[in-house]
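Chain by chain, the residues run as shown.
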Amino acid sequence: MNVDIAHRATPFTLQLSATRRGARLARRLAAGQLDAWGWPYGAEAHRTATLLVAELVTNAVRHGTTPGRDFRLRLVLDPAGPSLRIEVTDTRPDRRPPAPGALPPASGESGRGLLLVEALSTRWGTICDDPCTKTVWCEVALR
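Nothing here was measured: the structure is a model prediction, and the numbers come from that model. (Residues numbered from 1 in each chain as written. Predicted model: local features only at pLDDT ≥ 70, side-chain atom pairs only at ≥ 80, totals over all residues. Heavy atoms only, no water.)

So, about the environment of Thr48. Assignment of secondary structure puts Thr48 in helix H3 (residues 44-63). Residues Thr48 and Gln33, spaced 15 residues apart in sequence, show a C-alpha to C-alpha distance of 14 Å. Not counting the four nearest positions on each side in its chain, Thr48 is found in contact with Leu120 and Val140. (Helix = DSSP H or I, 4+ residues; strand = E, 2+ residues; numbered from the N terminus. Contact = heavy atoms within 4.5 Å.)

Below, the structure is given as structure tokens:
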């Protein structure tokens, strides 16, 4: 990891359309930001963090969409860990996922996203700070 870059890292925030194209762009830009912070493409930490971004963003687009409203992706690097906090905010606070540790088994072709988040992150959860949005977040160690 490039320690000099990591110590100067500020949170990376994007607001994108809640579409498949917006989700794809969020994954690509997050991958580029991780590389800029010192976790290069192909590194295990980069692959894991990018997968977690993809799962949370896809869930926001599929289940947290309100017509005409965007979603927000925020990456916060803690160089002391080092660890990464991934936050995805959508506009459907009424559609909260089950609590960590209470996820039902996957059924058919869906339901695997949060199971992956739970398996790959050190911790995760949901925050509803206001009546109009919810944020699903996870933290992952970057070794």
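Here the focus is the packing of helix H2 (residues 20-36) against H3. With their axes 9 Å apart at the nearest point, H2 and H3 run at an angle of 155° to one another. Taken together, the axes of H2 and H3 are roughly antiparallel relative to one another. The element H2 and its partner H3 pack so that their crossing is right-handed. Residue-level contacts link Arg20, Ala23, Ala26, Arg27, Ala30, Ala31, Leu34 and Asp35 of H2 to His46, Ala49, Thr50, Val53, Ala54, Val57, Thr58 and Val61 of H3. (Axes fitted to C-alpha atoms, helices over the stretch in contact; angles between N-to-C directions. Parallel < 35°, antiparallel > 145°, perpendicular 65-115°, else oblique. Left-handed = near helix turned anticlockwise from the far one by under 90°.)

The buried fraction of strand E3 (residues 83-90) amounts to seven of the eight residues, a majority that puts the element mostly inside the structure. With antiparallel pairing between neighbouring strands as the criterion, strand E2 (residues 70-78) and E3 make up a hairpin whose turn holds four residues. Taken together, the eight bridges between E3 and strand E5 (residues 133-141) define a ladder with antiparallel strand orientation. Note that in E5 the partner of Glu87 across the bridge is Trp137. (Buried < 20%, exposed > 50% of the residue type's maximum accessible area, 1.4 Å probe, protein only. Pairing = 2+ DSSP bridges.)

The subject of this paragraph is the packing of aromatic side chains. Two numbers describe a pair of aromatic rings. These are the distance of the centres and the angle of the planes. Tallied over the entire structure, the rule returns zero aromatic pairs. Residue placement shows Arg85 over the ring face of Trp137; its charged tip is 4.2 Å from the ring centre. (Phe/Tyr/Trp six-rings, centres within 6.5 Å; stacked < 30°, edge-to-face > 60°. Lys NZ or Arg CZ within 6 Å of the ring centre and 35° of its normal.)

Now for the pattern of salt bridges. Counted under the stated rule, the structure contains seven salt bridges. Salt-bridge contacts for Glu44 lead to Arg47; the nearest nitrogen and oxygen are separated by 2.8 Å. Taken together, the residues span about one helical turn, with Glu44 and Arg47 both in helix H3 at a distance of three residues. Look at Glu44 and you get exposed, because its relative accessible area is 53%. What you see here is one network of salt bridges that share partners, running through Arg74, Arg85, Glu87, Arg123 and Glu139. (Salt bridge = Lys/Arg side-chain N within 4 Å of Asp/Glu carboxyl O.)

If you look at the biggest cluster of nonpolar residues, it comprises 33 residues, and the most contacted ones within it are Phe71, Leu73, Leu75, Leu84 and Ile86. Looking at this core, the elements with two or more residues in it are strand E1 (12-17), H2, H3, E2, E3, helix H4 (113-120) and E5. Take this core: its biggest share by element is eight residues, from H3. (Core = buried A, V, L, I, M, F, W, Y, C linked by side-chain atoms within 4.5 Å.)

The next subject is the packing of H3 against H4. Their axes nearest at 9 Å, the elements H3 and H4 cross at an angle of 145°. At the point where H3 passes H4, the crossing takes the left-handed sense. Here Thr48, Leu51, Leu52, Glu55, Leu56 and Asn59 of H3 lie close against H4, whose contacting residues are Gly113, Leu114, Leu116, Val117 and Leu120. Residues of the contact of H3 with H4, tallied by class, amount to seven nonpolar, three polar and one charged. (Nonpolar A, V, L, I, M, F, W, Y, C, P; charged D, E, K, R; others polar.)

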